[in-house]
Amino acid sequence: MDLAWWEDCVVYQIYPRSFQDSNGDGIGDLQGIVQRLEYIKDLGVDAIWLNPIFTSPMADFGYDIADYRSIDPVFGTMEDAELLIEKAHGLSLKVIFDLVLNHTSDKHPWFLESRSSKDNEKADYYIWSDTVPNNWKGAFGGKGWTFDKKRGQYYFHSFLPQQPDLNWRDTKAVDSIFDEVRFWLQKGVDGFRLDVINSIIKDASFRNNPKILGSRPRPYDMQRHIFDRNRPESHSKLKLLRKLVDTFPDRMLVGEIMVENPGEPELAASYLGRTGDELNLSFDFSLINTSFSAQKWQRSAKRWYEAVGRHRTPAWVLNNHDVSRSVSRLSNNEDKARLAAFFLFTQRGAIFIYYGEELGLRHSFVCKKHMADPVGRRYWPFHKGRDPQRGPMVWNVGVNHGFTKGEPWLPFVKRANWYAVENQEIEGNSMLSFYRSLIDFRLDEPTLRRGVCEFHEQKNPNLMVFSRTLGKNRMLVVLNFSSQRLSVALG
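Here the structure is a predicted model, which is why all the values come from computation and not from measurement.

(A) Quick peek at the packing of aromatic side chains. Tallied over the entire structure, the rule returns 41 aromatic pairs. With a centroid separation of 5.2 Å and an interplanar angle of 90°, the aromatic rings of F183 and W184 are classed as edge-to-face. Taken individually, F183 and W184 each receive the classification buried, so the pair is uniform in this respect. With a centroid separation of 6.4 Å and an interplanar angle of 80°, the aromatic rings of F343 and F466 are classed as edge-to-face. Remark: F466 occurs in strand β15 (residues 463–470) and F343 occurs in helix α10 (residues 334–345); sequence separation between them is 123 residues. When the ring centre of F434 is taken as reference, the NZ or CZ atom of R338 above it lies at 5.1 Å. Directly above the ring of W380 sits K384, whose terminal nitrogen or CZ lies 5.9 Å from the centroid.

See below:
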């Protein structure tokens, strides 16, 4: 089969602040990533995905963009970004940038002009109302509507007040958004991860979200978000975006889909389009929210495969910058983490791994006093923020572990020397060696990357057995989720 590169790829996610610091300020940057490209290439992956690197006030660490066409000085310059793309392509690595198209920073020129009056050229680029029209909340706390004294109206924000939502119902706003996408496509970026892309269209009548009974720490979770996201018009907008991206050869879109419940694979799959004409890939986070069990993981995987179907591509993920690291979720049990990785790399489709996952990296400990994440600062101790899973990469043993010559912006994981790349590269049975072997094995076996997956029911609840079939080739995978030796009858 002649597949596009993203249909069976392995993508390595980099949180730029935490990967490699090249100038000693304690914060990772683009030149640091360039310095580590050989390591990434040796890992065997096909692409890198960078969290936002654009100019930003950093109210939400780059997810509040003030200029889509410039690089924030903390990460470097446009020349550094161009060099990174060039060097990565020279190593046959694709480059995926994180684009936030649901909202901008309140410091973005579009918003500054939009708030200046009710009749300026960009007046309708954002969502404005004379009153607070409904009960919509902000995901990071408080009401979703903030009054702007200069314009004399309220504007809507799905997250922080510093992150006003763009109005995708305005044709001129959409044209401007597409121009920003086109700019980076012309720079040679191979794809985009689209942040909360199912939130781009809101209900035109501003209807109230239905309330949910019970008590939850975050008011945002006390509503069913049926009117501030997942509106039917979102699909038509994504079809237009896909048409733009398809005018550039070999480019892709992967979307983050905000969900109501821990696992909604059917919703995630719907943004691929019925004929595959919307997103190329979308994330389903069911496995992240499923307890470690052969039966539960099998049910979750089957549901994802069924939602996607055979003619679209599933994307698989166990970690990212917003959720707890999988090893920590698995009670710091490395054997469980290895089995989870084996499961991941034996699935059909695209595989996404998070920096440090290949080392078995656990959480860093971040106390409330040093918490940087706005979610953690507001909801501690109910939500301890996302800083722990964003700790610095551990390269070497010794002071600052090869990450920086300065003071790191977040603390390292405890016993950091244990996880260091330097140590793991000389150990034949290290987690790093295991990941490299898995990726090599997957690369050598087209059946694993592309073959149909069929699960085989087992009497023992601790066993998962599935086959992968491609043409006349068939492979059988047997996973033991227990700590005991088990036998399986194959027939």
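(B) Fine view of the sheet that holds strand β7 (residues 145–148). Ordered by their spatial adjacency, three strands build an open sheet running β6-β8-β7, and the pairing between neighbours is antiparallel. What marks the edges here is a single partner per strand, and that holds for β6 (128–129) and β7. Summarising the sheet, β6 and strand β8 (residues 153–156) pair through two bridges and their orientation is antiparallel. Bridging across to β8, S129 finds its partner in Y154.

(C) Structural detail: the pattern of salt bridges. Applying the stated rule across the entire model yields 30 salt bridges. Here R386 makes a salt bridge to D60, at a shortest N to O gap of 3.2 Å. With R386 in the loop between α11 (374–379) and α12 (416–419) and D60 in the loop between β3 (54–55) and β4 (67–71), this residue pair connects regions lying 326 residues apart in the sequence. Assigned by exposure class, R386 and D60 land together as buried.

Criteria and cut-off values
Residues numbered from 1 in each chain as written. Predicted model: local features only at pLDDT ≥ 70, side-chain atom pairs only at ≥ 80, totals over all residues. Heavy atoms only, no water. Phe/Tyr/Trp six-rings, centres within 6.5 Å; stacked < 30°, edge-to-face > 60°. Buried < 20%, exposed > 50% of the residue type's maximum accessible area, 1.4 Å probe, protein only. Helix = DSSP H or I, 4+ residues; strand = E, 2+ residues; numbered from the N terminus. Lys NZ or Arg CZ within 6 Å of the ring centre and 35° of its normal. Pairing = 2+ DSSP bridges. Salt bridge = Lys/Arg side-chain N within 4 Å of Asp/Glu carboxyl O.

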